[in-house]
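Residue-level listing of the chains:
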Amino acid sequence: MTYLRPADLAREHGLSPQTVRNYERDGFLPPADRSETGYRRYTGRHAAALRTYLALVPAHGYAEAGTIMRAAVEGRWDDALTAVDRSHAELLRDRGTLDAVGEALAHLHGRPSGARRPPARVAQPFTIGELARRLGVGVATVRAWERAGVLAPDRRPSTNHRTYDADDVRDAELAHFLRRGHHPLPLIATVVQEVRTAGDTRTLESALTDWRARVTARGLAMLKAAALLSDYAGARAD
């Protein structure tokens, strides 16, 4: 059997050998056998794991990629695939958010949007807890968005509790999407305000085009990562 050194795996991806060792330590690669002198002995299985993990990162983000790869290395395929499903559900929601923003822009311009589906309906206003659960964030996060001017919910006169209607849910989902893109809250508040009002939307239209391109790129990255993950699942250890 031909063994590989950390440097051999690292060279293919422009990494340092220490980074490869760190990935093994973190569970993204199977544990390596050691030579009699204590050196790591990697195999083709390790090379495949490294390619898979590096493809998972742009598709799912560092945290979720690590969750997926650790589960795959340990043979916990239900856990790995559940994590993959979470990312696909998130991407689908992002597409829905972009459709909602496009629908709002089209309405401002008075032309059909071509959106593939109508905006989501909210049968009755959400409470702050229900909205937080829908987005998968904490209640404190929703309150922070309100303080930043991203959200402006009504309050029930009898209890003074916040209520979130369909427009509020749309704004919250847009904010959630933009925060995952590391946009600051003041910018998000400006974008949401542009959606709410009939102001100058040229900047928003340009941003929307960029967001759609990034969502498409992530979807394609998911396809590549899925192919490598499938190959890794089907391959036998060397």
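In case you missed it, the structure is sitting above this.
Residues numbered from 1 in each chain as written. Predicted model: local features only at pLDDT ≥ 70, side-chain atom pairs only at ≥ 80, totals over all residues. Heavy atoms only, no water.

Remarks on the packing of aromatic side chains
We describe a pair of aromatic rings using the distance from one ring centre to the other and the angle between the two ring planes. For clarity, the threshold we go by: Any pair of Phe, Tyr and Trp rings, taking the six-membered ring for Trp, is counted once the centres come within 6.5 Å. Such a pair is stacked with planes under 30 degrees apart, edge-to-face with planes over 60 apart, and tilted for the rest. Numbering of helices and strands runs from the N terminus, with a helix taken as a DSSP run of H or I at least four residues long and a strand as a DSSP run of E at least two residues long. Burial classes: relative accessible area under 20% of the type maximum marks a residue as buried, over 50% as exposed, and values in between as partly exposed (1.4 Å probe, protein chains only).
In the structure shown here, the tally under the stated rule is four aromatic pairs. With a centroid separation of 5.0 Å and 65° between ring planes, the pair formed by Tyr 23 and Tyr 53 is classed as edge-to-face. Here Tyr 23, found in helix H2 (residues 17–25), pairs with Tyr 53, found in helix H3 (residues 44–60); they are 30 residues apart in sequence, far enough to count as distant. Its relative accessible area of 15% is what places Tyr 23 among the buried residues. Taking the relative accessible area as the measure of exposure, Tyr 53 reaches 4% and is therefore buried. When the ring of Phe 28 is compared with that of Tyr 53, the centres are 4.3 Å apart and the planes differ by 15°; the resulting orientation is stacked.

Remarks on the packing of helix H1 (residues 6–13) against H3
Stated formally: Helix axes are fitted to C-alpha atoms over the stretch in contact, other axes to C-alpha atoms as well, and angles between N-to-C directions run from 0 to 180 degrees. Helix crossings are classified by the rotation of the near helix relative to the far one: an anticlockwise turn of less than a right angle makes the crossing left-handed, while a clockwise turn makes it right-handed. Residue contacts follow a heavy-atom distance rule, with two residues in contact if any of their heavy atoms lie within 4.5 Å. By the convention adopted, Pro, Cys, Tyr, Trp, Phe, Met, Ile, Leu, Val and Ala count as nonpolar, Lys, Arg, Asp and Glu as charged, and the other residues, Gly among them, as polar.
Axis separation between H1 and H3 bottoms out at 10 Å; the angle between their running directions is 35°. Here H1 runs over H3; the crossing is right-handed. Packed against H1, whose contacting residues are Leu 9, Glu 12 and His 13, the element H3 presents His 46, Ala 47, Leu 50, Arg 51 and Leu 54 at the interface. For the contact of H1 with H3, the per-class residue count stands at four nonpolar, two polar and two charged.

Thoughts on H1
In plain terms, the rule: Directions from the helix axis toward the C-beta atoms define the arc.
Among all positions in H1, only Pro 6, Leu 9 and Ala 10 are buried. Buried residues in H1, looked at end-on, bunch into an arc of 100°, giving them a common side. Considering only its buried residues, H1 is in contact with H2, strand S2 (40–41) and H3.

Quick notes on the environment of Arg 34
Rule in force here: N or O atoms closer than or at 3.5 Å make up a polar contact, with two conditions inside protein: a donor-capable atom paired with an acceptor-capable one, and, for residues adjacent in sequence, both atoms drawn from side chains.
Within the fold, Arg 34 resides in strand S1 (residues 33–34). Residue class for Arg 34 comes out partly exposed when judged on its relative accessible area of 45%. The contacts of Arg 34, once residues within four sequence positions are left out, are Tyr 39, Arg 40 and Arg 41. A distance of 2.8 Å separates the side chain of Arg 34 from the backbone oxygen of Gly 38, its partner in a polar contact.

Quick word on the pattern of salt bridges
Test applied: In what follows, salt bridge is the name for a side-chain nitrogen of Lys or Arg lying within 4 Å of a carboxyl oxygen of Asp or Glu.
For the structure shown, the criterion picks out 18 salt bridges. Two residues, Glu 64 and Arg 86, come together in a salt bridge whose shortest N-O distance is 3.1 Å. Separated by 22 residues along the polypeptide, Glu 64 in helix H4 (residues 62–73) and Arg 86 in helix H5 (residues 77–109) bring together distant segments of the chain. For Glu 64, a relative accessible area of 18% translates into the label buried.

Looking at the nonpolar core
Put simply, the rule is: What makes a nonpolar core is a set of buried Ala, Val, Leu, Ile, Met, Phe, Trp, Tyr and Cys residues whose side-chain atoms join them at distances within 4.5 Å.
Within the largest apolar cluster, 59 residues are counted, with the highest numbers of intra-cluster contacts made by Met 69, Leu 131, Trp 145, Val 150, Leu 151, Leu 174 and Trp 211. With nine residues, the single largest contributor to this core is helix H10 (residues 202–234). Other than its neighbours up to four places away in sequence, Trp 145 contacts Leu 135, Val 150, Leu 151, Ala 172, Ala 175, His 176, Arg 179 and Leu 185.

Looking at helix H8 (residues 166–180)
Given 3.6 residues to a turn, an α-helix orients residues that are three or four positions apart in the same direction. Which entries qualify depends on this criterion: Expected span of a helix, by definition, is 1.5 Å for each gap between consecutive residues, and there is one gap fewer than residues.
Counted at 1.5 Å a residue, the expected span for H8 with its 15 residues is 21 Å, and the 21 Å between its end C-alpha atoms agrees. A large share of H8 lies buried, amounting to eleven of its 15 residues. Among all positions of H8, only Asp 168, Val 169, Arg 170, Asp 171, Ala 172, Glu 173, Leu 174, Ala 175, His 176, Phe 177 and Leu 178 are buried. Looking at where H8 begins, the residue whose side-chain oxygen comes 3.1 Å from the main-chain nitrogen of Asp 167 is Asp 165. Just beyond H8, the residue with positive phi is His 182, at close to 65°.

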